[in-house]
Amino acid sequence: MPDSEAPLLIARDLVAGYVPGVNILNGMSVDVVPGQVRCVLGPNGTGKSTLLKAMFGFLPTQSGTMQLRGAPVLGTPPHSMGALGITYLPQRPSVFPFLSVEVNLRLGTWAFRHDRARVRERTERALTQFPILRERLRQTAGTMSGGQQRQLEIARALMGDPTVLLMDEPTASIEPRVAGQIYEIIQGLARAGKAVLLVDQNIKGALGIADHVYVMRTGTLFEEGPRAQFTDEVETLVSRWLYTR
Ligand SMILES: Nc1ncnc2c1ncn2[C@@H]1O[C@H](COP(=O)(O)OP(=O)(O)OP(=O)(O)O)[C@@H](O)[C@H]1O
Ligand SMILES: [Mg+2]
């Protein structure tokens, strides 16, 4: 897809870390654009997850800016992000394993829980989009496969109808067939107008649906460009990202 739409969320020069004096993000910038999947690739430990945590307000930043439709939003706490239309899929599993699939989904409607019609409509939509969840509705979430749990997390993240999705490794440890379905769903969300920022170690999978690519190294932008710029074999790309000085 061409870079035609204006960015919805613009993060600039983010600097953040976990302990004083050690910055993990060293001035990272990204744009999140409606109708596009923008993916962030890069070696392990380079700060990709840290970028999403800083953007979603889980980690304070030392400096930088972030604007949503031109309004400053950096430092907004995670629990207020839903109201801004921003949702986040963490890298680590986040289903409540001892609760049913239905209750896990319901938790995604907490902000409008008194609006029963809306809760019903969103639940029905999720179960249509993720048919496996309909089959497992009363099952304890922790007893499902990793791929099914990941689908539940994505479905829950979509219950509030976000406009911006920050997704960290949506297909890690998931069998290729299910991973392919998840990538198709993510691409469908972008085609429906959502703005997706996808962090991924599955380079092939991510490049398969990306419109624009950011490559991170040691907490900063190493290179970026439209998908068409990343046509080399994955091995060639990786060695360039790892070994170019
Ligand atoms: N909670 C934490 N406390 C201290 N250091 C952390 C914490 N989380 C991550 N780090 C460190 O920050 C650096 C970047 O980690 P991050 O998880 O952002 O990398 P990543 O690019 O997402 O890696 P991966 O591809 O393995 O998921 C690493 O050196 C990591 O050890
Ligand atoms: Mg990570």
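Keep in mind it's a predicted model, so treat the numbers as computed, not measured. (Residues numbered from 1 in each chain as written. Chains lettered and ligands numbered in written order. Predicted model: local features only at pLDDT ≥ 70, side-chain atom pairs only at ≥ 80, totals over all residues. Heavy atoms only, no water.)

**What about the environment of G45?**
- For G45, the location among the structural elements is in the loop between β3 (37-41) and α1 (48-56).
- Here G45 falls in the exposed class, since its relative accessible area comes to 79%.
- Counting along the chain gives 174 residues from G45 to G219, while the straight-line C-alpha distance between them is 8.9 Å. (Helix = DSSP H or I, 4+ residues; strand = E, 2+ residues; numbered from the N terminus. Buried < 20%, exposed > 50% of the residue type's maximum accessible area, 1.4 Å probe, protein only.)

**Some remarks on the sheet that holds strand β4 (residues 63-68)**
- The strand order across the open sheet built from four strands is β2-β1-β4-β5, with neighbouring strands paired in antiparallel fashion. The open sheet terminates on both sides in strands that have one partner only, identified here as β2 (25-32) and β5 (71-72).
- On the sheet, α1 packs against β1 (9-16), β2 and β4 and is oriented at approximately 70° with respect to β2. (Pairing = 2+ DSSP bridges. Contact = heavy atoms within 4.5 Å. Axes fitted to C-alpha atoms, helices over the stretch in contact; angles between N-to-C directions.)

**Some thoughts on the pattern of salt bridges**
- Summed over the entire model, instances satisfying the criterion amount to 12 salt bridges.
- The partner of R122 in a salt bridge is E121, and the shortest N-O contact between them spans 3.5 Å.
- Take R122: its relative accessible area is 8%, and that puts it in the buried class.
- Looking at E121, the relative accessible area reads 41%, which means it is partly exposed.
- For E175, the salt bridge goes to R177, with nearest N and O atoms at 4.0 Å.
- A single network of salt bridges, built from pairs that share partners, joins E121, R122, R125, D161 and K194. (Salt bridge = Lys/Arg side-chain N within 4 Å of Asp/Glu carboxyl O.)

**Concerning a nonpolar patch on the surface**
- The grouping of F96, L99, V103, L107 and W110 at the surface amounts to a nonpolar patch, some 450 Å² of accessible area in total.
- Positionally, V103 belongs in helix α3 (residues 101-107).
- Accessibility expressed as a relative area gives 36% for V103, which makes it partly exposed. (Patch = residues over 30% accessible without salt bridge, like charges linked within 9 Å, V, L, I, M, F, W, Y side chains within 5 Å. Areas by Shrake-Rupley, 256 points an atom, 1.4 Å probe, with all protein chains shown as cover.)

**Structural notes on empty space enclosed by the protein**
- Applying the stated rule across the entire model yields one cavity of 30 Å³ or more.
- Each pocket or cavity is described by its volume, and for the largest cavity that value is around 40 Å³.
- Within the residue set of the lining of the largest cavity, elements represented by two or more residues are α4 (116-129) and α6 (146-158).
- No other element matches the four residues that α4 contributes to the lining of the largest cavity.
- When the residues that make up the lining of the largest cavity are grouped by side-chain class, the tally is five nonpolar, one polar and two charged. (1 Å grid on protein atoms, 1.4 Å probe; cavity = no way out; pocket = protein on both sides within 12 Å on 5 of 7 lines; lining within 4 Å. Points joined across faces, edges and corners; volume = space filled by probe spheres on them. Nonpolar A, V, L, I, M, F, W, Y, C, P; charged D, E, K, R; others polar.)

**Structural notes on unusual backbone geometry**
- Even without being a glycine, S173 presents a positive backbone phi close to 60°.
- Inspection of the secondary structure puts S173 in the loop between β7 (164-168) and α7 (176-191).
- Positive phi, normally seen in glycine, also occurs at T218, with a value near 40°.
- With respect to the helices and strands, T218 occurs in the loop between β9 (212-217) and β10 (220-226).
- Exposure remark for T218: the relative accessible area of 59% places this residue in the exposed category.

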